[in-house]
Each structure stands twice: as structure tokens, then as C-alpha cells.
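Now for the letters of each chain:
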Amino acid sequence: MELPDEATTMLLNTKGSHGEISKDLKSFYDYVNNHIVTTDFTKQIDDEISYLKLDTKVRREYMLMEARLLDERREGETIGATNANIATAKRMLAKGCYSLQVIAELTNLSLADVEKLKEEA
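Here the structure is a predicted model, which is why all the values come from computation and not from measurement.

## Points about the overall build of the protein
No. 1: Looking only at helices and strands, one finds 5 helices and 0 strands in the protein.
No. 2: Traced from its N-terminal end to its C-terminal end, the protein shows the element sequence α-α-α-α-α.
No. 3: In terms of C-alpha radius of gyration, the protein reaches 24 Å, well past the compact-globule figure of 14 Å for 121 residues.
No. 4: Across its three principal axes, the protein shows a C-alpha extent of roughly 65 × 40 × 30 Å.
No. 5: Buried positions account for 13% of the 121 residues belonging to the protein.
No. 6: Here the analysis covers contacts within the protein between residues at least 6 apart in sequence; of these, 10% occur between residues at least 24 apart.

Dropping the structure here:
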């Protein structure tokens, strides 16, 4: 995947089993999945992670990043649920056999939101 900053990012499935992989990549997968150090490269990674875990500033920044990611995930889940409820309400409106009150109740949308969706249809 090429990014706007001209960096290249590789997405790897460390639990995959399709095809042959090099010994170096296999040792990297073993480290990622099981924290098994088998090569100089995985030893370097392990040493760097151990060092970073001891650095309080890095730990604090990591915890803040984790908190931000969790907030973003929750926000995304909320948006996704709302979009699903809107789609369901639109289908229910299209059927024409549900009252606006019932649609609002079943989709957790406000009555005003359902009325607005009806006007847009």
C-alpha cells in the first residue's frame, strides 16, 4: 500500500498458511504471534520493545494513543449503528405498513428523525 508520504506499508497476515515464506519471515511471524526470539532480527525487535516499555514517556504516549483509538472506535461503532438504523427505517418506510412511532421505537431513532426521513423519501 503506497501512502501519500511515499512510504510503503506492508500488511501481513501472521496467522496465514497459504504459500511458502522465507525463514526470516517465518521467524518474524513466530515472534509476532508467540514472542519467540529465533533470529538476530527478532532479537533486535524484542530488545527495542523491552527498552520502549521501560521508557515512561513512551509508555505514557502509547497509553494516550490507545485511549484515542478506543474513543475513535466507539465513535465509529456509534456512527455505524446509527447508519444501520437509518437504513432500516428507510426500508420500513418504503414498506408503508409501519407507523412512524413504531419505526422510531424499533430503530432507536427519534420520531423527528423518522419524520425527516419520510419527507426525504
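More follows now that the structure is in view.
## A short note on the confidence of the model for the protein
Parts of the model with low pLDDT should not have their predicted coordinates read in detail.
No. 1: Per-residue pLDDT for the protein has a mean of 91; in total, 98% of the residues score no lower than 70.
No. 2: Ranking the elements of the protein by mean pLDDT puts helix α1 (residues 23–34) last with 89 and helix α4 (residues 100–107) first with 97.

## A short note on the side chain of S27
No. 1: Of note, S27 is situated in helix α1.
No. 2: Given a relative accessible area of 4%, S27 falls into the buried group.
No. 3: In contact with S27, other than residues within four places in its own chain, are I36, T38, T39 and T42.

## Quick look at the packing of aromatic side chains
No. 1: One pass over the structure, following the stated rule, counts 2 aromatic pairs.
No. 2: For the ring pair F28 and Y29, a centre distance of 6.5 Å and an interplane angle of 50° mean the geometry is tilted.
No. 3: Its relative accessible area of 22% is what places F28 among the partly exposed residues.
No. 4: With a centroid separation of 6.2 Å and an interplanar angle of 40°, the aromatic rings of F28 and F41 are classed as tilted. Placement of F28 in helix α1 and of F41 in helix α2 (residues 40–54) is noted, with a sequence separation of 13 residues between them.
No. 5: Counting every residue linked through ring pairs, the aromatic cluster contains F28, Y29 and F41.

## Concerning the packing of α1 against α2
No. 1: Where α1 meets α2, the axes come as close as 9 Å, and the angle between the chain directions of the two elements is 30°. The orientation of α1 relative to α2 falls into the category roughly parallel. Crossing hand, α1 versus α2: right-handed. Here S27, F28 and Y31 of α1 come into contact with α2, specifically with F41, T42, I45, D46 and I49.
No. 2: When grouped by side-chain class, the residues that make up the contact of α1 with α2 number 5 nonpolar, 2 polar and 1 charged.

## A look at the packing of helix α3 (residues 56–95) against α4
The description of two helices packed together rests on the angle between their axes and the distance between the axes.
No. 1: α4 packs onto α3 with a crossing angle of 155° between their chain directions and a minimal axis gap of 10 Å. Taken together, the axes of α3 and α4 are roughly antiparallel relative to one another. Helix-helix and strand crossings are classified by hand; for α3 and α4 the assignment is right-handed. For the pair α3 and α4, contact is made by N85, T88, A89, M92 and L93 and by L100, I103, L106 and T107, respectively.
No. 2: In terms of residue class, the contact of α3 with α4 is made up of 6 nonpolar, 3 polar and no charged.

How each quantity is defined
- Residues numbered from 1 in each chain as written.
- Predicted model: local features only at pLDDT ≥ 70, side-chain atom pairs only at ≥ 80, totals over all residues.
- Heavy atoms only, no water.
- Helix = DSSP H or I, 4+ residues; strand = E, 2+ residues; numbered from the N terminus.
- Rg over C-alpha atoms; globule rule 2.2 N^0.38 Å.
- Buried < 20%, exposed > 50% of the residue type's maximum accessible area, 1.4 Å probe, protein only.
- Contact = heavy atoms within 4.5 Å.
- pLDDT = per-residue confidence, 0-100.
- Phe/Tyr/Trp six-rings, centres within 6.5 Å; stacked < 30°, edge-to-face > 60°.
- Axes fitted to C-alpha atoms, helices over the stretch in contact; angles between N-to-C directions.
- Parallel < 35°, antiparallel > 145°, perpendicular 65-115°, else oblique.
- Left-handed = near helix turned anticlockwise from the far one by under 90°.
- Nonpolar A, V, L, I, M, F, W, Y, C, P; charged D, E, K, R; others polar.

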